[in-house]
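Structural overview
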Amino acid sequence: MSRPASRSQRSAGEGGQIAQWLPLRPDLAGRAAYGAPQLDVPVRLNTNENPYPPSPELIRAIADAVTGVAGALNRYPDRDAVALRTDLAAYLGHGLGWRQVWAANGSNEVIQQLLQAFGGPGRTAIGFEPSYGMHPLIARATATGWVSGARETDFGLDPGRTVRAIDDHRPDLVFLTSPNNPTGGALPLAVIEAVCDAAPGMVVVDEAYAEFARDGAPTALALLPRHPRLVVTRTMSKAFALAGARVGYLAADPAVIEALLLVRLPYHLSALTQAVARAALAHAAEPLATVQALRAERDRLVSWLRGRGLAVADSDANFVLFGEFGDAHAIWRALLERGVLVREAGPPGWLRVSAGTPAEMDAFRGALLPVLDAACPQARPVGRPARTEARP
Ligand SMILES: Cc1ncc(COP(=O)(O)O)c(C=O)c1O
């Protein structure tokens, strides 16, 4: 089958070489741009989006909200986005007020602002990999050194080893991802607390997938009153089904947010974005109902994959990491040829698939079965790879 067309001819992340004649920063030379492939295939299960589009009612509310601000687009937006931050604080609960919440264009921008303010040349950040690949990329883009810490063989974090890595490297920022992407599991609060106690600088807990966690999984929001250097980042891209609007946010001590004002661009969050996000928050019950459906779909998927004899990581997110394949790329390609796009993510031999609609999950299962059974004899599960060790 021919390669499916890219959804964007100008899409970054296609692996293009940067022209040699450009006076690029030396530390960016040879680097590849981020990019999950954006391919036009029938079933896209590779970027952990919520597959349920807004309802006609929510579309109307968003259109009304945009109309409401359109007449004032000659003016700059509220650069402090106070109304949106107030709504986000109310959504988060935990006694938070707007001064403890900050918003930007996706949680990636929030993370960038954190690294601009607390990282930078001569400073370092640590993350425990495999984890969200943008943490090291944004660190590098802000000239922050990156330390790759290790996970256990079950992809969890051992508090003792994690604290030792922090003691060894004394990083200015620690990134914890809970639930972790791509492995799926949420961290116990005890691990986050141990890290907060040991870290000499900022501790960022990336909770992009918090709403999908299994019952009883904790949120680091509960720790904020005790740890003033703790930051919890969230996004409206996943549970809120609003990836296209680009809204991410964080909760932290107001002093942290004051520091971020030093690096944010003025008027960074457009009036349209603020209005759309507020409309979506006013209709939160609708996307959050899809979260329940996606959690159930995820749990079914975990059982089904295990039933096929595959290794499957426990998941608190809207995706599942499964393997282990001798040649995961061959499986990825065979699925793509059957119209299903998943993600090559995690340790070698593993693939990540997002939870989709029941029809999408049927398509995934229908595509994977023949791949496992016949088409790719190399698809036999093999032993688990050795874990990676911390390296600077
Ligand atoms: C762990 C994690 N954090 C942050 C993000 C970024 O989300 P956004 O910039 O859309 O808010 C993602 C996106 O996939 C993610 O997986």
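Residues numbered from 1 in each chain as written. Predicted model: local features only at pLDDT ≥ 70, side-chain atom pairs only at ≥ 80, totals over all residues. Heavy atoms only, no water.

A few words on the overall build of the chain. Regarding its fold elements, the chain presents 11 helices and 12 strands. Whereas a compact globule of 392 residues would reach a radius of gyration of roughly 21 Å, the chain reaches 21 Å, a difference of no more than 12%. Taking all 392 residues of the chain together, 51% fall into the buried category. Sequence-distant contacts, at least 24 apart, represent 74% of the contacts inside the chain between residues at least 6 apart. In the form shown here, the chain has an accessible surface area of approximately 17,300 Å², with 54% of it arising from carbon and sulfur atoms. Taking the average location of the 39 positive side-chain charges in the chain and that of its 38 negative ones, the two points are 3 Å from each other. (Helix = DSSP H or I, 4+ residues; strand = E, 2+ residues; numbered from the N terminus. Rg over C-alpha atoms; globule rule 2.2 N^0.38 Å. Buried < 20%, exposed > 50% of the residue type's maximum accessible area, 1.4 Å probe, protein only. Contact = heavy atoms within 4.5 Å. Areas by Shrake-Rupley, 256 points an atom, 1.4 Å probe, with all protein chains shown as cover. Lys, Arg positive; Asp, Glu negative; His and termini not counted. Charge placed at Lys NZ, Arg CZ, Asp CG, Glu CD.)

Attention now goes to the pairing of strand 2 (residues 101–104). Residues in a regular strand project their side chains so that they alternate between the two faces of the sheet. Side chains V101 and A103 project from strand 2 onto one buried face, and the interleaved W102 and A104 project onto a second face that is buried too. When strand 2 meets strand 8 (residues 248–251), the two strands line up antiparallel, connected through four bridges. Opposite W102, over in strand 8, you have L250 as the bridge partner. (Pairing = 2+ DSSP bridges.)

So, on to the sheet that holds strand 3 (residues 124–129). The strand order across the open sheet built from seven strands is 2-8-7-6-5-3-4, with neighbouring strands paired in mixed fashion. The two strands at the open ends of the sheet, each matched to only one other strand, are strand 2 and strand 4 (145–150). In this sheet, neighbouring strand axes are inclined to one another by 25° on average, regardless of whether the strands run parallel or antiparallel. Relative to strand 7 (residues 230–235), strand 6 (residues 202–206) is paired through four bridges, and the arrangement is parallel. Its bridge partner being in strand 7, V205 is matched across the sheet by V232. Most of the contacts of helix 2 (residues 82–92) go to strand 2, to which it runs at about 120°, and overall it touches strand 2, strand 7 and strand 8. (Axes fitted to C-alpha atoms, helices over the stretch in contact; angles between N-to-C directions.)

Right, let's talk about the environment of T177 for a bit. Tracing the sequence through the fold places T177 in strand 5 (residues 173–177). A residue is classified by how much of its surface remains accessible, and T177, at 4% relative accessible area, is buried. When the C-alpha atoms of T177 and Y209 are compared, they prove to be 9.1 Å apart, with 32 residues separating the residues in sequence. For T177, the contacting residues outside a window of four places in its chain are S131, H135, R151, G185, L187 and D206.

By size, the foremost hydrophobic cluster in this structure holds 50 residues, and its most contacted members are V174, L176, V203 and M236. With six residues, helix 8 (residues 271–282) is the single largest residue contributor to this core. Dropping the residues within four chain positions of it, M236 is found in contact with L88, A241, L242, A243, V247, Y249, A277, A280 and L281. Core analysis: the next-biggest nonpolar cluster, separate from the first, contains 30 residues, V43, L335, L351 and V371 among them. (Core = buried A, V, L, I, M, F, W, Y, C linked by side-chain atoms within 4.5 Å.)

What follows concerns the environment of G119. Within the secondary structure, G119 is located in the loop between helix 3 (106–118) and strand 3. The spatial distance from the C-alpha of G119 to the C-alpha of M202 is 9.5 Å, given a sequence separation of 83 residues. Other than its neighbours up to four places away in sequence, G119 contacts L114, T144 and L173.

In this model, helix 9 (residues 285–307) (23 residues) spans 33 Å end to end at C-alpha, consistent with the 33 Å of a helix rising 1.5 Å per residue. Residues of helix 9 that are buried include every one of P287, T290, V291, L294, R295, E297, R298, L301, V302, W304 and L305, and no others. G309 sits one or two positions beyond helix 9 and adopts a positive phi of about 85°. (Expected span 1.5 Å × (residues − 1).)

A word on the site of the ligand. Around the ligand lies a shell of 13 residues, among which S107, D206, Y209, T235 and S237 are the nearest. Residue N181 places a side-chain N or O atom 2.8 Å away from an oxygen atom belonging to the ligand. At 2.9 Å from an oxygen atom of the ligand is found a side-chain nitrogen or oxygen belonging to K238. Across the complex, the protein chains shield 93% of the 400 Å² of accessible surface that the ligand would expose by itself. (Near = heavy atom within 4 Å. Polar contact = N/O pair within 3.5 Å; in protein donor to acceptor, adjacent residues only side chain to side chain.)

Attention now moves to a nonpolar patch on the surface. Together, I18, W21, L22 and L24 make up a nonpolar patch on the protein surface, roughly 440 Å² of accessible area in all. Checked against the element boundaries, W21 lands in the segment before strand 1 (43–44). By relative accessible area, W21 is classed as exposed at 72%. (Patch = residues over 30% accessible without salt bridge, like charges linked within 9 Å, V, L, I, M, F, W, Y side chains within 5 Å. Salt bridge = Lys/Arg side-chain N within 4 Å of Asp/Glu carboxyl O.)

The next subject is the environment of R44. Here R44 shows up in strand 1. Separated by 323 residues in sequence, R44 and A367 have C-alpha atoms that sit 13 Å apart.

The next point concerns helix 10 (residues 328–337). Helix 10 sits mainly inside the fold: seven of its 10 residues count as buried. Residues of helix 10 that are buried include every one of A328, A330, I331, W332, A334, L335 and L336, and no others. One or two positions beyond helix 10, positive phi appears at G339, with a value near 85°.

Right, let's get into the packing of aromatic side chains. Scanning the entire structure with this criterion turns up seven aromatic pairs. Both rings, one in W146 and one in F175, keep their centres 6.1 Å apart while their planes meet at 40°; by these two values the pair is tilted. On the criterion of sequence distance, the pair formed by W146 in strand 4 and F175 in strand 5 is long-range, its members being 29 residues apart. Taking relative accessible area as the criterion, F175 reaches 2% and is therefore assigned buried. (Phe/Tyr/Trp six-rings, centres within 6.5 Å; stacked < 30°, edge-to-face > 60°.)

Running from N to C, helix 3 and helix 4 (residues 134–141) cross one another at 45°; their axes reach a closest spacing of 9 Å. With respect to helix 4, the element helix 3 is oriented oblique. When the axes of helix 3 and helix 4 are compared, the crossing they make is right-handed. Every residue of helix 4 that contacts helix 3 at N108, I111, Q112 and L115 is listed here: M134, H135, I138 and A139. Residue composition of the contact of helix 3 with helix 4, by class: five nonpolar, three polar and no charged. (Parallel < 35°, antiparallel > 145°, perpendicular 65-115°, else oblique. Left-handed = near helix turned anticlockwise from the far one by under 90°. Nonpolar A, V, L, I, M, F, W, Y, C, P; charged D, E, K, R; others polar.)

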